[in-house]
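Listed below, chain by chain, are the residues.
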Amino acid sequence: SGSDHDSDTEQSSLMSRSKGNAGASEDPFYAVKDTVQNYMERINVKYERFRDVVLNTNTAINTEFKDLRKGLVKDIRTIDRQIKDLKGAVDMADRNRDKFQHISDSELAQRKQFVDSMVKEINGVKAGMESPEIRRKLEDDENKNKKVMGDNSMGAMTNIERDNTRFVQGQQQMTQEMIGQQDVALDSLGNAVDRLEGMGRTINTELREQNRLLDELDGDIDDAGEKMNFVMGKLSKLLKTKDGCQIW
């Protein structure tokens, strides 16, 4: 019916399989799966480059490092959303096996395994970016950069010139730290937006499911009402007397 179609969720559409002899290429789940795999490959390449840059260059002055980190954070957010969609679809099929009988148990197990493997892989990248080894290197680079700036008189000859130089360097350092803090704040804000988006999707899915259940309940009530009217009509005819008067 139209109401059933309107109440379909994104997760159920991902688990849909075309009828007949349709192949996996026509299954929306596999289209999203391919996208996730492509993103994961790109993230792995960037992550390897990220580690190489961090461990072998001065990250405090390396602009590629900053670009790599921002790019990785953005890609990780994207793949996190896609993996959540896939996991929601798989969980829905698992909870409602009667509605997704076209997906065999073995196929569902394979989908669960894929989602779990992607979650494990992306969590590994996240942990690697925040590992103690990486953190120590970033801190060392920052400390070395501060020391270089503090020792660099930039040709100042007098005490006043040296004081002015230190003041300028201090302001530059403060500016860099503020930019770094802003990057962290923006990352936190982005994560908060992602969480809100996830909550919104969950609420939307629940509302759609509740609407579908309400539509089914309305249909059941209508059917029950029609059956009751039919029974009452039969009962009325049965209770009529020969002279046309009803017995109540």
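Here, every reference points to the structure presented above.
Residues numbered from 1 in each chain as written. Predicted model: local features only at pLDDT ≥ 70, side-chain atom pairs only at ≥ 80, totals over all residues. Heavy atoms only, no water.

Caption draft 1: Quick look at the pattern of salt bridges. Taken as a whole, this structure holds 13 salt bridges when the rule is applied. In this structure, the salt-bridge partner of D80 is K126, at a minimum N-O distance of 2.9 Å. In this pair, D80 is assigned in helix α4 (residues 63-95) and K126 in helix α5 (residues 105-129), connecting sequence segments 46 residues apart. Salt-bridge contacts for E107 lead to R111; the nearest nitrogen and oxygen are separated by 2.7 Å. Residue E107 and its partner R111 are both found in helix α5; the two are separated by four residues, about one turn of the helix. The exposure class of R111 is buried, given its relative accessible area of 1%. (Salt bridge = Lys/Arg side-chain N within 4 Å of Asp/Glu carboxyl O. Helix = DSSP H or I, 4+ residues; strand = E, 2+ residues; numbered from the N terminus. Buried < 20%, exposed > 50% of the residue type's maximum accessible area, 1.4 Å probe, protein only.)

Caption draft 2: Molecular detail of the nonpolar core. Counting 29 residues, the largest nonpolar core has I43 and F50 as its most contacted members. At the level of elements, α3 (28-56), α4 and α5 are the ones that each hand at least two residues to this core. Per-element accounting of this core gives the leading share, 10 residues, to α4. Beyond its immediate stretch of four places on either side in the chain, F50 contacts F65, L68, R69, L72, M129 and I134. (Core = buried A, V, L, I, M, F, W, Y, C linked by side-chain atoms within 4.5 Å. Contact = heavy atoms within 4.5 Å.)

Caption draft 3: Fine view of the environment of R42. Its location among the elements puts R42 in helix α3. In the structure, R42 is positioned 30 residues away from L72 in sequence and 9.2 Å away in space, judged by C-alpha atoms.

Caption draft 4: Representation of α5 in the model. In this model, α5 (25 residues) spans 36 Å end to end at C-alpha, consistent with the 36 Å of a helix rising 1.5 Å per residue. Those residues of α5 that fall on the buried side of the exposure criterion are E107, L108, R111, F114, V115, M118, I122, V125, G128 and M129. (Expected span 1.5 Å × (residues − 1).)

Caption draft 5: Representation of the packing of α4 against α5. Viewed as axis vectors pointing N to C, α4 and α5 meet at an angle of 155 degrees, and their least axial separation amounts to 10 Å. Between α4 and α5, the angle is such that the two are roughly antiparallel. Handedness of the crossing formed by α4 with α5: left-handed. Of the residues in α5, those touching α4 at R69, L72, I76, I79, D80, I83, L86, K87, V90, A93 and D94 are L108, R111, K112, F114, V115, M118, V119, I122, V125, K126 and M129. Of the residues belonging to the contact of α4 with α5, the class tally is 15 nonpolar, no polar and seven charged. (Axes fitted to C-alpha atoms, helices over the stretch in contact; angles between N-to-C directions. Parallel < 35°, antiparallel > 145°, perpendicular 65-115°, else oblique. Left-handed = near helix turned anticlockwise from the far one by under 90°. Nonpolar A, V, L, I, M, F, W, Y, C, P; charged D, E, K, R; others polar.)

Caption draft 6: Fine view of the packing of α3 against α4. Two numbers describe how α3 lies on α4: the axes approach to 9 Å, and their chain directions differ by 155 degrees. Considering the angle they form, α3 stands roughly antiparallel to α4. Handedness of the crossing formed by α3 with α4: left-handed. Of the residues that constitute the contact of α3 with α4, the class distribution is 18 nonpolar, four polar and seven charged.

Caption draft 7: Local environment of a nonpolar patch on the surface. The grouping of M228, M232, L235, L238 and L239 at the surface amounts to a nonpolar patch, some 490 Å² of accessible area in total. Along the chain, L238 turns up in helix α7 (residues 159-239). (Patch = residues over 30% accessible without salt bridge, like charges linked within 9 Å, V, L, I, M, F, W, Y side chains within 5 Å. Areas by Shrake-Rupley, 256 points an atom, 1.4 Å probe, with all protein chains shown as cover.)

Caption draft 8: Geometry of the side chain of D141. Looking at the secondary structure, you find D141 in helix α6 (residues 132-151). Looking at D141, the relative accessible area reads 2%, which means it is buried. Among the polar contacts made by the side chain of D141, one reaches the side chain of T59 at a distance of 2.8 Å. One polar contact links D141 to K137, side chain to side chain, over a distance of 2.8 Å. Sequence-distant contacts of D141, defined by excluding residues within four places in its chain, comprise V54, T57, N58, T59 and A60. (Polar contact = N/O pair within 3.5 Å; in protein donor to acceptor, adjacent residues only side chain to side chain.)

Caption draft 9: Layout of the packing of aromatic side chains. Tallied over the entire structure, the rule returns three aromatic pairs. Ring geometry for Y47 versus F50: centroids 6.5 Å apart, planes at 20 degrees, classification stacked. On the criterion of helical spacing, the pair formed by Y47 and F50 is a turn pair, its members being three residues apart in helix α3. By relative accessible area, which is 12% here, Y47 ends up buried. Judged by its relative accessible area of 1%, F50 is buried. Through a chain of ring-to-ring contacts, three or more aromatic side chains come together here, namely Y47, F50 and F65. The positively charged end of K33 is found above the aromatic ring belonging to F114, 4.9 Å away from the centroid. Here R42 stacks its cationic end above the ring of Y39, 4.5 Å away from the centre of that ring. (Phe/Tyr/Trp six-rings, centres within 6.5 Å; stacked < 30°, edge-to-face > 60°. Lys NZ or Arg CZ within 6 Å of the ring centre and 35° of its normal.)

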